[in-house]
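# Results of the structural survey
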Amino acid sequence: MPEPRRLRLLEALARFVCRRPLTVLALAALLAGTSLWITAERLRYLPDRNDLLGPDLEWNRRYAEYLNKFTGMDDLVVCVAVPNGTQATPEDRARARSYVDALVAELGRAEHVRQAYWGWDNAQVSPRLLRMAPQTRFRAALQQLERSGPLLASSNPSGFLTSVAQRLEQRETGEGTPDVERAAQGLAGVGAFVEALTGFVAGTGGDTDAAMAALLGRDFGRTYLESPDQSLLLVFVDPLPSADADDVFSLAVSETRLALRAAAREVPGVDAGVTGVPALEADETLAVMSDTTSISFLALAGVALLLVLAFHGWRMPLLAVLALLAPVAWSFGFLTLAVGHLQVLSVVFTVILLGMGIDFSIHLLSRFELVRHDHAPGPEGMEEAMADAFRTTGPGLVTGALTTAAAFGATALTDFKGIAEMGLIAGVGILLCLAGTFTVLPALVRLFLPRAEQVRPVDRRWLDLHEFRPLRFFTRHSVLTVMAGALVLAAGIWALSGERYDSNLLKLMPQNTESVRWLTRYQDAGESVWFAASVCADQEEARQRAEAFQALPEVGLVTGAGLLFPEDDSGRRMALEAVGISLSDALRVETGADSVFDFQEAVATLARACERALLNESGLPMPVAAALYELLSRCEAAQALLDEVLLDSSMRGGPALAERMDRAAEAFGRGVSSFRERVRMALDPAALTPQDLPPFLQRLALGEKGAMQLLVKPAGNAYDPDVLAAFVRAVRSVDPLATGSVVQVFESNDLMRHSYAQAALYALLAVGLLLLADFRSLPDTLLCLLPVFMGLACLCLAMRLAGYSLNPANVVILPLLFGLGVDNGVHMIHRYREDPDGDPPGLTRGTGKGVLLTSLTTILGFGVMVGANHQGIASLGFAFSSGMAFTLGACLIFLPALLRLRRKRR
């Protein structure tokens, strides 16, 4: 648009608003109220990070299909620290297990918990699960099966007790000493069996079920899920989503934490916490929402205080802030109608608008206060002063708003949905803030500051930001200033060339939250919440891929259906066959009869064996000696009780005593027969199937329509970008179509990095074209852009020296600096073209004050982010506020020196 026509339109707009302020404000308030009502009714928050990605991305679509096919990917992970960690005693582990039992009972009453998986009851799962155990536990279980030979070979209780006694006195082949230490293992269960069975036979309250549970408990106990280093017991919580919360799983996370506190009251002294991807996202959402709210208020208060000092009063700053609230409300309405939701990237757009939207009002008011006393003191003079401000600052405001909006809008051309949404919302918000500046602000000034005496003359202020006399030193030594600036620019380019992108998402999360702390402990214990998933059509394909994955050094663990194919499976089968041969005779024994007299004699024989072992063996380990003493004590008590019953004339040979002994023998036979069958199954060397897995592991291995999945976990810390990249490459060498959370993180980080670089290029092109269209001069366009390049170069140099890196949170500064930083150059070039003889060039007639204040408000608006709990927001605040500070320095020092050299040349 030709310059005279544009100036006439701006002046006409100023006069219209000043003559009809109430109409303008009523329309603005009506639009703001409608926007807020629509926002309250329809705006929602999307916590799922997958929603930030474009739906047309092939790897993201594959992951969405995978999530629909398999369950268990959204489990919360409760970590229960075993007291004393890897050095825990049996008592420590028992207390941790009691805590887990109490926790699971509490979770069973939670409204937003579908189910909690703590492990399994060994009696209710396939004995073939033994094959899937880690190597050390597999060997220990085999040894335990071998020691069960006396029990398997026993046809009745008396025979079993006699065999235990013989084992205590049995001599090693080729040696002359009994193997007491090996024989003494499991004596606690034998003693409890003797005590319970004797009580039942004597009729004093014993129970056959209790007796068999005591005897077989070491074989049919409970298996608790635990970390590879056994320092943590694990409970996986299947959460129910809630559409009413900011995060879909936040209520499930809260209920889980309440259950943790309830379990701690019941079993004190055990440390526990919840982590997992849903917990991390819920805590991050809470931190982002809390930080955004507090930062917005701090930024608004800080900007207001700065303006009060700069304008020597509270009226104009208050009007500027009030004029900003309306377009922010309009922006929420646009956001709700155009997008419908906020997400972790776009949620900070309010802070962006508060930091940048106020800039337009500052430029307009800086010019207005400078010329107010050049016009009549009444409303008519106020209208003339406002028309003057529109005419002189309006073109720069329009160009600055368009370039900033274009920079944001350029991100909408990227494939990263989250970035594109933020760019669209912020870009339109900037234009709405400009509209508010041209309508709401002059209307408020007309109503509340119509008289000249309400504006203090500039020459009577103790702080005059319209004059920049100290900066004239740099313009007088413009050659040296330009040379120094060139050196700084060269150093910045060197720093930019070596800038490293750090994609470690853990560094961006709020570090003091429970989920992050326990994630670190979870990883230190050898686990990972991240995994790659390989979907297989059948078990044979799963076996081949599992073997290929297990051979990769980058792979730490293959679970899911991979549990069906343990490492060295052929060796394990051979070991099972060897144990089966050694127990073959015992596995063929049938149940026999027993009498109370045989039982009494067997108890006495066992007692004598314990006595001889204690008398003949010197230097027994304390646990072995204690077990022998405990068994001896229980056998002696059983002897005394049986003697008393048998000596009773009314009971001697009585039918009740014989009947109870028969029932005890039958219960023993049933229990041992069941145990024999389980041992046979455990020693079966046939291939494992998914039906051998307990329910919790089945849900991780099997999907819809018989699909199977391998969950592949990295050997190192997947949050390390180098480890992550190497792991994904290794997994794809086996399965090019692998998906899972690790692949999502890797691809989304790569997409984000390239999207922001792409957005920066688009922003530069859009801003450059707009500046060319405005100035119709390539030198003026380059001069506008030069401070931005210097600011970016200095920022990279500062980050390099301070040890900071670009990351997924602060890389957004690339397109933002092009849009925001160029705004100062636009106003300075406009002022220079209007007043080429001004000193310092480009900073006269109120432009210098506007440039300084707008930059300071932006720096303040983003600078308060540094104190955010969320490290990503803090990183963005540091990077952008520093970049704007360097850009401001280039505008105040370097650009005026260049303009002075240009004026001399002309």
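Everything quoted here is computed from the prediction, not taken from an experiment.

On to helix α19 (residues 514-524), then. Residues that lie three or four places apart on an α-helix share one face, since the helix turns once every 3.6 residues. Regarding α19, the residues found buried are S515, V516, W518, L519, Y522 and Q523. Structurally, α19 contributes buried residues whose contacts are with β2 (76-81), β6 (232-239), α11 (250-266), β7 (272-275), α12 (277-311) and β11 (708-714). Just beyond α19, the residue with positive phi is G526, at close to 100 degrees.

Moving on, we get to the sheet that holds β11. Strand order in this open sheet of 3 strands is β9-β11-β10, and the pairing throughout is antiparallel. The outermost strands of the open sheet, each flanked by one partner alone, are β9 (532-536) and β10 (555-560). Each strand axis lies, on average, 25 degrees off the axis of its neighbour in the sheet, ignoring direction. Direction of pairing for β9 relative to β11: antiparallel, over a ladder of 5 bridges. Bridge pairing in β11 links A533 to L711.

Grouped together as the largest cluster of nonpolar side chains are 130 residues, with contacts concentrated most on F368, M386, V440, V445, L771, V822 and F880. If one sorts the elements of this core by residue count, helix α31 (residues 871-905) sits on top with 14 residues. Setting aside chain neighbours within four positions, we find F368 in contact with M316, M382, A385, M386, A389, V445 and V455. Judged by nonpolar contacts, the second largest core, of 61 residues, contains M132, L232, A701 and L710.

This brings us to the pattern of salt bridges. Scanning the entire structure with this criterion turns up 31 salt bridges. For D388, the salt bridge is made with R391, and the minimal N-O distance between the two is 3.6 Å. Note that D388 and R391 are positioned in helix α15 (residues 379-410) at a spacing of 3 residues, about one turn of the helix. Of the residues examined, D388 reaches a relative accessible area of 11% and is grouped as buried. The class for R391 is partly exposed, based on a relative accessible area of 29%. The partner of E677 in a salt bridge is R680, with the nearest N and O atoms 3.4 Å apart. Note that E677 and R680 are positioned in helix α24 (residues 655-682) at a spacing of 3 residues, about one turn of the helix. A single salt-bridge network, built from bridges that share partners, covers E11, R15, R19, R367, E383, E384, D388 and R391.

This paragraph deals with the packing of α15 against helix α27 (residues 741-775). One can describe the packing of α15 onto α27 by two numbers: an axis separation of 8 Å at closest approach and a directional angle of 155 degrees. Taken together, α15 and α27 sit at an angle that is classed as roughly antiparallel. Considering the relative orientation of α15 and α27, their crossing is right-handed. Facing T399, L402, T403, A406, A407 and A410 of α15, the residues of α27 in contact are A759, Y762, A763, A766, V767, L770, L771 and D774.

Applying the stated rule across the entire model yields 9 aromatic pairs. A ring pair is formed by Y117 and F696, whose centres lie 5.0 Å apart and whose planes are at 35 degrees; its orientation type is tilted. Within this pair, whereas Y117 is found in strand β3 (residues 113-117), its partner F696 is found in helix α25 (residues 695-701), the two being separated by 579 residues in sequence. Accessibility classification places Y117 together with F696 in one group, the buried group. Judged by centre distance (6.0 Å) and plane angle (45 degrees), the ring pair of F193 and F668 falls under tilted. Taken together, the residues span a long stretch of sequence, with F193 in helix α9 (residues 187-202) and F668 in helix α24 at a distance of 475 residues. In this pair, the class of F193 matches that of F668, namely buried.

Here we come to the confidence of the model for the protein. Predicted confidence across the protein gives a mean pLDDT of 81, with 91% of residues reaching 70 or more. Confidence, read as mean pLDDT per element, is least for helix α8 (residues 180-183) in the protein (59) and greatest for helix α2 (residues 21-42) (93). Between residues 172-177, whose pLDDT stays under 50, and residues either more than four places distant or in other chains, the model counts 5 contacts.

Below, the discussion takes up the sheet that holds β7. Here 4 strands make up an open sheet; going across it, the order is β3-β6-β2-β7 and the pairing antiparallel. Among the strands making up the open sheet, the edge pair consists of β3 and β7. Recorded for the sheet is a direction-independent mean angle of 25 degrees between the axes of neighbouring strands. The sheet contact formed by β2 and β7 spans 4 bridges and is antiparallel. Its bridge partner lying in β7, C79 is registered against G273. Its contacts with the sheet put helix α4 (residues 90-107) on β2, β3, β6 and β7, and the angle it makes with β6 is roughly 10 degrees.

Reading the values: rules and limits
- Residues numbered from 1 in each chain as written.
- Predicted model: local features only at pLDDT ≥ 70, side-chain atom pairs only at ≥ 80, totals over all residues.
- Heavy atoms only, no water.
- Buried < 20%, exposed > 50% of the residue type's maximum accessible area, 1.4 Å probe, protein only.
- Helix = DSSP H or I, 4+ residues; strand = E, 2+ residues; numbered from the N terminus.
- Contact = heavy atoms within 4.5 Å.
- Pairing = 2+ DSSP bridges.
- Axes fitted to C-alpha atoms, helices over the stretch in contact; angles between N-to-C directions.
- Core = buried A, V, L, I, M, F, W, Y, C linked by side-chain atoms within 4.5 Å.
- Salt bridge = Lys/Arg side-chain N within 4 Å of Asp/Glu carboxyl O.
- Parallel < 35°, antiparallel > 145°, perpendicular 65-115°, else oblique.
- Left-handed = near helix turned anticlockwise from the far one by under 90°.
- Phe/Tyr/Trp six-rings, centres within 6.5 Å; stacked < 30°, edge-to-face > 60°.
- pLDDT = per-residue confidence, 0-100.

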